[in-house]
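Topology and contacts: notes
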Amino acid sequence: MFALDKFLPDEPITSAREDLLDRADSAHKFAQYILRINASKGLVVGIQGPWGHGKTSYMNLMKEQFQQESVHGVIEFNPWMFSGSEDLVGQFFAQISASFTSNNAAHDRRKLFLAQNLLRYARILSPLTKVISIPLVSAGIEVATNALDESVLNAGKSPSLAEVRGLITEDLARLEKPVVILVDDIDRLSTSEIREIFKFVRLTGNFPNLIYVLAFDRERVEEALSDGNPGGRAYLDKILQLSYTVPRVPREHLQKQLLQSLEEVTDERSWNKILQDPRIFDVFWEILNPLFSSLRDVSRFELAARPVFQTLTRQMNPLDLVVLESLKILRPDLMSQLGRLRGELGGMTNEQFFSRSETEVWPIGIRNILERFPDDQQLLTAVLDRIFAAARGQGLSGEDSSQLLRDRRVGASRFFSLYLEGVPDSDLRAFSCSKQLFVAMNDASSFSSELGMVADDDLQDVVGELRNFRAEFSVDTAVPASIAILNSVHRMPWNGPDRGLLGATREQTVRGVVRDLLAAESEPSCRQHMVDSIWRSLTSYSSKFVLWRAMSSFYSFQEFSEVEVLRELAERLCNEFLTEPPADRESEWDAARVLAFIATVREPSLLSPILANPEVSAQVLNSARFIQRPCQSVTRETDERTHLQWNSLVAVFGTSQGVLDAVDTAGDLIDEEVAQLAQRIAESEQLA
């Protein structure tokens, strides 16, 4: 939708043919009016307006008219091109002088003398000007020749400022037509350079037949001329004989250009998503409309945002991206502060929420920003409410947070991090992969294939992220998806990734997802049939035990012995295991808990024949390992370390000594870390 080679960033128009704001007629008539004013004692005209409001374009339209009128010439001087040079005055006078040494004036000795005297005048005003010369096209005329009184030269005297000024005045007065000098971008200069420009305009502004047209932001120039004193406005008013303020771009036109720009920087799919976003009306009027105050703002946005949209528009919510890019380009300080508050943009912590006063609705970091940017409080509040919905109060519910993720909103911190850092973190990569899984969930074969392509080390993360789509789980997909996930748990490393505050184990992760899949069916009897279908397709008792635990979560306030369906499933698990112990022991990734459960439901002695096999005991012992992740508490003193499900092992092997005996029997079949942990725990129990 956007042709970069056709886009001219922030370019002013140069003729009436390009005028989209209907300003050409006004500019042409103003130029004609200026030329009707008596300029026998010079004339200084100010073209004023805020930065980015089209002063240069308006001056170009005036120039177009000046060139059609009867004038000696139109000289354009942009001091910003020479900003930082040691001799701004010299550059200015060199350019004026050059206008009198053109080919048409080559044989006009009087005009060449005028050019030379202008340079002499500049040299007196600024000694550095001596290094600047002007090209004279007639080799027969010596630059050293001048119109000074012969007696002055013969006496060897240096011409005074008054003498040179008098000669210039005489020569300019003889011109039949005025010279128009256009000076643009004054407000881009440093304070000292602005003062210098207006100093030599003051010193030359009353030369006959010189018409200065100066374009500047009045507020900036008055500030520079004041330099801490209140006299800047009065000083400026003494120099200007005529002023014109460029009108603001009509708001309706600016809004139209902004919408066109937004459409240009996005692809068709993203643009349609923006238009369909229910927030678009509020975002446009509360955020974008106040942010963009000129066409230059729109041009800057269009040029700077394009590469960002090419990279991120398919990875995150496009309307959020529009707002963040607008803030970054037009309110960089504000955006920088927001970027430092990723955590607080998710809402208050429990401690902050319950200790706040009744009037406090924002976390302290956000309150500080609101105080720091008082002029932008209304804008910032709109950004927080429309873009970072979780920032107010205690944040969002779990389902609302999941919806932010599904919509790829920056209110979900991982997408805000993607915007700030440009690359997705591991959580976001897992979420993106889980989204592909969810899309494939409607086809059992595709879902199993997608699941099989996930790397083992990433599998727990990806499966866990499926919970963000639980509101869209369906009865039709619950059974095949549960089967595929439960039969893949053995691929997840036992010391899997740290997820959340406490680092959920693989069993906890899978149990939560399966529970959400079962919850798609609200009728208990139908849910029971789903469980039966899933059960018959599971390949390990460990996965069947997870399914039992997922089912039991629907009866969390009841003993399982009091719930018929749970009691029947427990008996089914025990009967199947005792009748047909697992042939593939490697797939029994949760053997310790499974056998501990069976020992609780049945007589522990029934397990003795099975445990007599050292390989079975070794598998039970090795499966009892788990990682305790650091809890992000106030102290944060808990270290990450490996632990054993000691209570489960005692339930399986009868006593602590029974666990140690099993360790000795298993020998080299168990991990050395497991043996050391078992010995340490048993010794600590004896000491206790």
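You'll find the structure just up there.
Let me begin by describing the structure that accompanies this report.

So, how was this worked out
Residues numbered from 1 in each chain as written. Predicted model: local features only at pLDDT ≥ 70, side-chain atom pairs only at ≥ 80, totals over all residues. Heavy atoms only, no water. Helix = DSSP H or I, 4+ residues; strand = E, 2+ residues; numbered from the N terminus. Buried < 20%, exposed > 50% of the residue type's maximum accessible area, 1.4 Å probe, protein only. Areas by Shrake-Rupley, 256 points an atom, 1.4 Å probe, with all protein chains shown as cover. Contact = heavy atoms within 4.5 Å. Pairing = 2+ DSSP bridges. Axes fitted to C-alpha atoms, helices over the stretch in contact; angles between N-to-C directions.

Right, let's talk about the overall build of the protein chain for a bit. From N to C terminus, the protein chain includes 34 helices and seven strands. Looking at the 688 residues of the protein chain, the share that counts as buried comes to 49%. Element-wise, carbon and sulfur atoms account for 48% of the exposed surface of the protein chain, whose accessible area totals about 33300 Å².

With that out of the way, let us pick up the environment of Leu547. Considering the arrangement of structural elements, one finds Leu547 in helix 27 (residues 541-552). By relative accessible area, Leu547 is classed as buried at 0%. As for Leu547 and Trp535, which are separated by 12 residues in sequence, their C-alpha atoms are 7.7 Å apart. Discounting residues that sit within four places of it in the chain, Leu547 has contacts with Leu486, Val514, Leu518, Val531, Ile534, Trp535 and Leu538.

A few words on the side chain of Gln337. With respect to the helices and strands, the residue Gln337 is situated in helix 15 (residues 332-339). Classification of Gln337 as buried rests on a relative accessible area of 14%. Once you skip the residues sitting within four places of it in the chain, Gln337 turns out to touch Ile369, Arg372 and Phe373.

Turning next to the sheet that holds strand 5 (residues 242-245). With parallel pairing, five strands are arranged side by side in an open sheet as 2-3-4-1-5. The open sheet is flanked by strand 2 (73-77) and strand 5, the only strands paired with a single partner. Between one strand axis and the next, the sheet turns through 15° on average, direction left out of account. Inspection of the sheet shows strand 2 paired to strand 3 (residues 179-183) by five bridges, in the parallel sense. Considered in strand 3, the bridge of Phe77 is made with Val183. Set on the sheet, helix 1 (residues 24-36) makes contact with strand 1 (43-48), strand 3, strand 4 (210-216) and strand 5; between it and strand 5 the angle comes to about 175°.

By themselves, these are just geometric observations and shouldn't be taken as functional.
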